[in-house]
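A look at the structure
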Amino acid sequence: MPVSIGNAPVDLVWRAAYLDRMIRIELPDGSVREYDRPVTAAEVAADIGPGLAKVAVGAKIDGELSDLATTIDRDASLALVTMPRKKQPADDDALYLIRHSCAHVMAEAIQRIRPDAQLVYGPPTEQGFYYDIAFEGDAPSAHDFERIEAEMAAIIAEDRPFTRYEMAVDEGMTKLRDEGSKYKLDNAERAIEAGSDELSWYATGEPGSNWEDLCRGPHVPSTKFIGAFKVMSLASSYWHGDADSDRLTRVYGTAFADNRALTRHLEQLEEAKKRDHRVLGKRFGLFHIDEAVGQGLILWGRNGSVVRRELEDFIRAELIKQGYDTIYTPHVGKLGLYRTSGHFPYYRESQYPPLVHGEYLSTMAKEGCSCAELSNRMSSGEIDGYLLKPMNCPHHIRLFASEPHSYRDLPVRLAEFGTVYRWEQSGELNGLTRVRGFTQDDAHLFCLEEQVAQEMIGCLSLVKLILTTLGLDDYRVRVGLRDEDSSKYIGDPANWDKAEHACREAAATLGKPFTEEAGEAAFYGPKIDFVVRDAIGREWQLGTVQVDYNLPERFDLTYTGPDNQPHRPVMIHRAPFGSMERFCGILIEHFEAAFPVWLSPEQVRVLPISDKFLDYGDEVRAALAAKGLRAVLDRSNERIQAKIAIATDDRIPYLAIVGGKDADARTVSVRKRGVGDIGAMPIDAFVDAVAAERDARALFNAEERVGG
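Predicted model, so just to flag it, every value in this text is computed and none were measured.

**Regarding the pattern of salt bridges**
All chains considered together, the criterion is met by 55 salt bridges. The closest approach of N and O atoms between Glu318 and Lys321, which form a salt bridge, is 3.1 Å. Taken together, the positions of Glu318 and Lys321, both in helix H10 (residues 302-321) and 3 residues apart, correspond to about one turn of that helix. By relative accessible area, which is 64% here, Lys321 ends up exposed. Arg434 is the partner of Glu428 in a salt bridge, and the nearest nitrogen-oxygen pair spans 3.5 Å. Linked through salt bridges whose partners overlap, the residues forming this network are Glu108, Arg112, Glu151, Glu158 and Arg160.

**Regarding helix H8 (residues 259-275)**
Here H8 is 17 residues long and its end C-alpha atoms lie 24 Å apart, about the 24 Å a rise of 1.5 Å per residue gives. Those residues of H8 that sit buried are Ala261, Leu262, His265, Ala272 and Arg275. One side of H8 holds all its buried residues, which, seen down the axis, span an arc of 135 degrees. Opposite the buried face of H8, at more than 90 degrees from it, the exposed residues are Asn259, Glu267, Lys273 and Lys274. Where H8 is buried, its residues meet strand E15 (228-238), strand E16 (247-256), helix H9 (277-283) and helix H18 (580-591).

**Observations regarding the sheet that holds strand E34 (residues 667-672)**
Pairing is mixed in the open sheet, where 5 strands are placed in the order E32-E31-E33-E34-E35. Two strands close off the open sheet at either side, each with one partner strand: strand E32 (631-633) and strand E35 (676-682). This sheet shows a mean twist of 25 degrees between the axes of neighbouring strands, independent of strand direction. Direction of pairing for strand E31 (residues 604-608) relative to E32: parallel, over a ladder of 3 bridges.

**Some remarks on unusual backbone geometry**
Here the bond from Gly217 into Pro218 is cis, since omega is 0 degrees, no more than 30 degrees from zero. Following the sequence through the fold, Pro218 ends up in the loop between strand E14 (212-214) and E15. Following Leu410, the chain continues to Pro411 via a peptide bond in cis, the omega torsion being 5 degrees. Examined against the element boundaries, Pro411 turns out to sit in the loop between helix H14 (393-401) and strand E22 (412-421). Unlike most non-glycine residues, Glu592 shows phi in positive territory, near 55 degrees.

**Description of the confidence of the model for the chain**
Any segment with low pLDDT has predicted coordinates that should not be analysed in fine detail. On average, residues of the chain score 90 in pLDDT, and 93% of them reach the 70 mark or higher. Per-element mean pLDDT across the chain ranges from 36 in strand E1 (residues 4-5) up to 98 in E31. Here residues 1-9 scores under 50 on pLDDT; set against residues more than four positions off or in separate chains, the count is 7 contacts.

**Details of the nonpolar core**
In terms of nonpolar packing, the biggest core is built from 63 residues, with Leu311, Leu470 and Ile528 touching the most fellow members. For this core, the leading source of residues is helix H15 (residues 452-469), giving 8 residues. The residues touching Ile528, leaving out its near neighbours within four places in the chain, are Met456, Leu460, Val477, Arg478, Val479, Cys503, Ala506, Ala507, Gly543, Thr544 and Val545. Judged by nonpolar contacts, the second largest core, of 44 residues, contains Ala117, Leu119, Phe129 and Ala261.

**Describing the sheet that holds E14**
Ordered in space as E12-E13-E14, the 3 strands form an open sheet in which the pairing is antiparallel. A single partner strand is all that each edge strand has here, and the edge strands are strand E12 (162-168) and E14. In this sheet, adjacent strand axes meet at a mean angle of 25 degrees when their direction is disregarded. As judged from the 3 bridges shared by strand E13 (residues 198-204) and E14, these two strands associate in the antiparallel manner. Paired with Tyr202 across the strands is Asp213, a residue of E14. Strand contacts of helix H4 (residues 92-113): E12, E13 and E14, with the helix running at about 85 degrees to E12, the strand carrying the most contacts.

**As for H18**
When the terminal C-alpha atoms of H18 are compared, their 16 Å separation across 12 residues agrees well with the 16 Å that a helix rising 1.5 Å per residue should span. Burial analysis of H18 places 11 of its 12 residues in the buried class, which makes it a mostly covered element. By the burial criterion, the buried members of H18 are Met580, Glu581, Phe583, Cys584, Gly585, Ile586, Leu587, Ile588, Glu589, His590 and Phe591. Where H18 starts, the residue carrying a side-chain oxygen 3.3 Å from the main-chain nitrogen of Glu581 turns out to be Ser579. In the stretch just after H18, Glu592 is the one whose phi turns positive, near 55 degrees.

**A short note on the state of the cysteines**
Taken as a whole, this structure holds 0 disulfides when the rule is applied. Cysteine Cys102 remains unbridged, with the sulfur of Cys215 as its closest cysteine sulfur at 14 Å.

**Describing the environment of Ser362**
Looking at the element boundaries, Ser362 is found in helix H12 (residues 358-366). The exposure class of Ser362 is partly exposed, given its relative accessible area of 39%.

**Focus on the packing of aromatic side chains**
In the structure shown here, the tally under the stated rule is 11 aromatic pairs. Centroid distance Tyr183 to Trp239: 4.9 Å. Interplanar angle 80 degrees. Geometry classified as edge-to-face. Separated by 56 residues along the polypeptide, Tyr183 in helix H7 (residues 182-193) and Trp239 in the loop between E15 and E16 bring together distant segments of the chain. The class of Trp239 is buried, set by a relative accessible area of 12%.

**Points about the pairing of strand E24 (residues 475-481)**
Most of E24 is tucked away: 6 of the 7 residues are buried. Pairing geometry for E24 and strand E25 (residues 514-518), over 5 bridges, is parallel. If you follow Val479 over to E25, its bridge partner there is Glu516.

**Quick look at the environment of Tyr489**
Mapped onto the secondary structure, Tyr489 falls in the loop between E24 and helix H16 (493-508). When its relative accessible area of 14% is taken as the criterion, Tyr489 is described as buried. On a C-alpha basis, the gap between Tyr489 and Asp650 in space is 49 Å, while along the polypeptide they are 161 residues apart.

**Looking at the packing of helix H6 (residues 169-179) against H7**
Packing of H6 against H7 brings their axes to within 9 Å, and their N-to-C directions diverge by 165 degrees. Between H6 and H7, the angle is such that the two are roughly antiparallel. The handedness of the crossing between H6 and H7 is left-handed. Across the interface between the two elements, Val169, Met173, Leu176 and Arg177 from H6 touch Lys184, Leu185, Ala188, Glu189 and Ile192 from H7. Taken together, the residues of the contact of H6 with H7 sort by class into 6 nonpolar, no polar and 3 charged.

What counts, and where the lines are drawn
- Residues numbered from 1 in each chain as written.
- Predicted model: local features only at pLDDT ≥ 70, side-chain atom pairs only at ≥ 80, totals over all residues.
- Heavy atoms only, no water.
- Salt bridge = Lys/Arg side-chain N within 4 Å of Asp/Glu carboxyl O.
- Helix = DSSP H or I, 4+ residues; strand = E, 2+ residues; numbered from the N terminus.
- Buried < 20%, exposed > 50% of the residue type's maximum accessible area, 1.4 Å probe, protein only.
- Expected span 1.5 Å × (residues − 1).
- Arc of directions from axis to C-beta.
- Contact = heavy atoms within 4.5 Å.
- Pairing = 2+ DSSP bridges.
- Axes fitted to C-alpha atoms, helices over the stretch in contact; angles between N-to-C directions.
- pLDDT = per-residue confidence, 0-100.
- Core = buried A, V, L, I, M, F, W, Y, C linked by side-chain atoms within 4.5 Å.
- Polar contact = N/O pair within 3.5 Å; in protein donor to acceptor, adjacent residues only side chain to side chain.
- Disulfide = S-S within 2.5 Å.
- Phe/Tyr/Trp six-rings, centres within 6.5 Å; stacked < 30°, edge-to-face > 60°.
- Parallel < 35°, antiparallel > 145°, perpendicular 65-115°, else oblique.
- Left-handed = near helix turned anticlockwise from the far one by under 90°.
- Nonpolar A, V, L, I, M, F, W, Y, C, P; charged D, E, K, R; others polar.

See the structure below:
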């Protein structure tokens with residue numbers, strides 16, 4: 001029976017109201033389809049063709065990922081999300097829909113097995129999905145995974161639709177109170193605070209008859225589109241991430257369009273375990289994290305320090321070529337500095353607490369000042385103090401402002417390996433890749449507006465050089481733009497337009513396709529990111545360049561123009577490595593700690609076949625050291641085969657074996673990592689060859705990555 005308003009069907013009412021207009025739907029190829037009534041994305045797909053309708057699983061309507069059943073009642077752009085073709089990977093939008101839907105299937109399966117389970121939230125992630133769940137008794141264990149997966153398979157086989165329905169806020173809150181889940185009530189309250197004027201649920205099947213959960217969506221049309229899945233692991237978590245709140249169990253899973261993609265993912269995870277930088281870092285003395293020092297604060301071991309220093313020296317040499325000035329700034333700054341920049345108090349949750357003088361705190365305490373009032377006074381500027389710097393840019397800005405500049409002086413390029421501090425949640429810390437104190441290869445360029453394009457190209461060329469030198473040249477480029485509906489961005493929209501145009505123009509010079517992503521800009525300006533694929537196919541965001549018209553405005557920076565009047569410079573932020581800690585962590589895994597010669601902490605190990613040849617071995621070591629090569633003489637009393645095995649396991653690029661014949665002929669018997677014996681070489685020829693490989697910063701063949 002058709003729905004009606006008064007005595008007229010809705011369709012007729014709509015037609016009467018909009019008789020003089022059509023809905024225009026623009027497709028990705030630029031073509032436009034017109035409709036005289038509201039249509040769903042699914043109907044548009046069917047209108048285009050039955051083949052497309054069969055594989056469509058979702059839609060992006062004006063850039064927003066939506067259900068296929070979403071009604072379009074206005075002019076809009078539409079891109080349909082489809083299942084991948086055979087042997088092709090699913091795109092990110094399809095994976096999001098599949099994983100979000102599979103999270104619901106897993107939650108239903110768990111509640112079938114454990115009716116006491118109370119669901120908290122279950123989002124998709126980059127690698128899969130998870131559900132935080134509260135259990136009355138003992139939580140499930142890995143032994144339960146097979147049973148959970150069996151229930152999930154049964155649900156998927158039923159090919160039930162994901163059905164959305166909405167309720168007005170008051171009605172929805174009544175429903176949730178009747179159900180009695182404080183977690184769902186909390187989720188609803190947060191949605192209302194964020195501006196939702198209704199609450200939505202998804203039933204896996206028929207509302208009122210099948211399993212359902214409070215959810216914003218979107219989802220695939222039905223369970224049959226969840227091709228392949230696996231329950232992965234369990235972890236402890238806390239409600240709202242607060243260790244003093246309810247303890248929850250986080251159940252992780254993953255899902256793909258087909259078994260082939262799932263198998264490939266599981267193989268990649270196994271390979272990632274072998275390359276885990278936390279394990280390799282400990283094994284090879286690269287870095288250490290000590291509870292007595294603090295989580296997320298890195299102690300670089302002697303071997304890791306070599307890798308980091310070589311990378312720093314590499315970029316320093318390039319900075320000299322490009323006319324940078326290397327500077328040093330302190331680790332703390334006054335709160336007022338970060339109020340001006342916008343970092344404090346707006347990003348307080350990701351910063352260490354401010355430092356306020358003890359005498360002042362004592363005085364405030366005696367006056368009965370509460371912690372909340374103290375915090376408010378700091379936010380408003382009534383109280384000053386210091387902050388462990390979360391960013392280097394305000395310090396560089398003040399250094400630029402410390403002396404007058406003419407247009408003839410620009411660009412001014414200031415570079416620093418500056419350590420910054422962020423208060424990451426303990427559950428998010430991860431070895432070198434997510435830390436609380438990290439060093440950025442940071443630089444800030446102050447230039448004329450007409451110099452922006454050329455300076456951007458120079459910054460991008462530096463990033464390309466680094467990635468190419470390290471064999472990380474499988475990358476894509478992402479231009480991060482502002483989300484015009486968000487309030488997080490500061491500054492004049494006209495300046496944003498100019499900055500975004502500059503980023504697009506610079507990205508086009510790279511000769512690679514690039515994507516534009518709204519909402520990925522920094523709060524003060526748009527940026528260009530390099531997203532790199534490592535040796536086992538994982539993607540990492542490395543290297544960033546940003547255009548900024550806003551901070552020069554906030555700090556009232558000026559230079560004297562040819563008209564002898566003050567003008568505002570444009571600021572460019574760039575960090576090719578980004579965080580040195582994170583970059584080194586990624587390199588450890590990319591190379592599996594078998595670094596190319598120029599980065600290897602130990603480049604050559606000299607192995608005498610017996611103690612009789614220690615003196616000759618030391619002579620060889622000294623010849624290598626004289627060329628600046630990092631060489632170690634093995635003085636152990638192990639047999640030579642054991643020495644070779646140990647050095648191979650240590651992933652040393654070159655082994656120089658010396659015995660009687662070598663001493664007489666002034667040669668060394670050389671073994672190369674991953675290749676094996678390459679014969680005897682005169683000492684000088686061997687030293688020169690290794691030094692030349694180092695100086696060229698040569699990479700290696702694939703078989704050389706792991707010692708053999």
